[in-house]
Amino acid sequence: MKIDVLTLFPGMFAGPLDESIIMRARKAGLLVLKIHDLRQWTHDRHKTVDDRPFGGGPGMLLKPEPLFEAVESLKREKTRVILLSPGGRKFDQAIARELAQQEDLLLVTGHYEGFDERVRETLADDELSIGDYVLTNGALPAMVVIDAVTRLIPGVLGDDESSHDESFSPGGPGLEYPQYTRPAEFRDMKVPEVLLSGNHAEIAKWRAEQAKLRTKEKRPDLL
Ligand code: 4GX
């Protein structure tokens, strides 16, 4: 998969995507990631990307011209163009699975009060939010999407890493059961007896009960 990112803060992307599983996917060529500075597509001395909203009001908007030029030059036949903004569809595991099927993504990250509406109407195939809170810009949301999507690209996860994917589907199995490793007693806290019993039927039953209870308690929306 190829993922292009359009941002005003290319420096924010150095680090989080250069480690661990994402870096391994990049080195294997399973993910080809390119970060682009939106200011590259400005033509004035000050590299202006923003302007004041018509009709007045607070804040600045991203101007349409650099965004249109950037998207038009980066977009290819099968590219899906996705804006990151708090007003988008709420990103979840089902959307991550859907995006992992794509060949080519272009993530466009906002800043200030957002985009000129013509960007949304004309350039974007989709608009995603990573959750109901306000961030300073769209770089972290883009990295969240890249991380969640990349681990679902076939071949990125090893067999040991891949088993936990269905936990966050509503109607799916819900949250994980509690887990323990050695020592069996740590600072007066004991591992539940059943897990040490060697009785695999009892262990499976206990885990299913615990997972259900925990989901009902903490995330009833997943049931
Ligand atoms: N999930 N932000 C985008 C600028 C902005 C404002 C309005 C478009 C419209 C966010 C989120 C998020 C802060 C990134 C505002 N862009 N993005 N930025 N939550 O809070 O995606």
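Cut-offs and rules
Residues numbered from 1 in each chain as written. Predicted model: local features only at pLDDT ≥ 70, side-chain atom pairs only at ≥ 80, totals over all residues. Heavy atoms only, no water. Near = heavy atom within 4 Å. Polar contact = N/O pair within 3.5 Å; in protein donor to acceptor, adjacent residues only side chain to side chain. Areas by Shrake-Rupley, 256 points an atom, 1.4 Å probe, with all protein chains shown as cover. Helix = DSSP H or I, 4+ residues; strand = E, 2+ residues; numbered from the N terminus. Buried < 20%, exposed > 50% of the residue type's maximum accessible area, 1.4 Å probe, protein only. Contact = heavy atoms within 4.5 Å.

Where do I start with the site of the ligand in this structure?
The immediate surroundings of the ligand are formed by 19 residues, with Glu113, Ile130, Gly131, Tyr133 and Leu135 found nearest. Glycine 131 places a polar main-chain atom, nitrogen or oxygen, 3.1 Å from a nitrogen atom of the ligand. Take leucine 135: an N or O atom from its main chain is 2.9 Å from an oxygen atom of the ligand. Alone, the ligand offers 460 Å² of accessible surface; in the complex the protein occludes 92% of this. When contributions to the shell around the ligand are tallied by element, the ones reaching two or more residues are strand S5 (79-90) and strand S7 (126-129). A per-element tally of the shell around the ligand places S5 first, with three residues.

Can you help me understand the environment of lysine 78 in this one?
Following the sequence through the fold, lysine 78 ends up in the loop between helix H2 (64-74) and S5. By relative accessible area, which is 53% here, lysine 78 ends up exposed. Expressed as a C-alpha distance, the spacing of lysine 78 and methionine 143, which sit 65 residues apart in the sequence, is 21 Å. With residues near it in sequence (within four places) discarded, lysine 78 still touches Gln102, Glu103 and Asp104.

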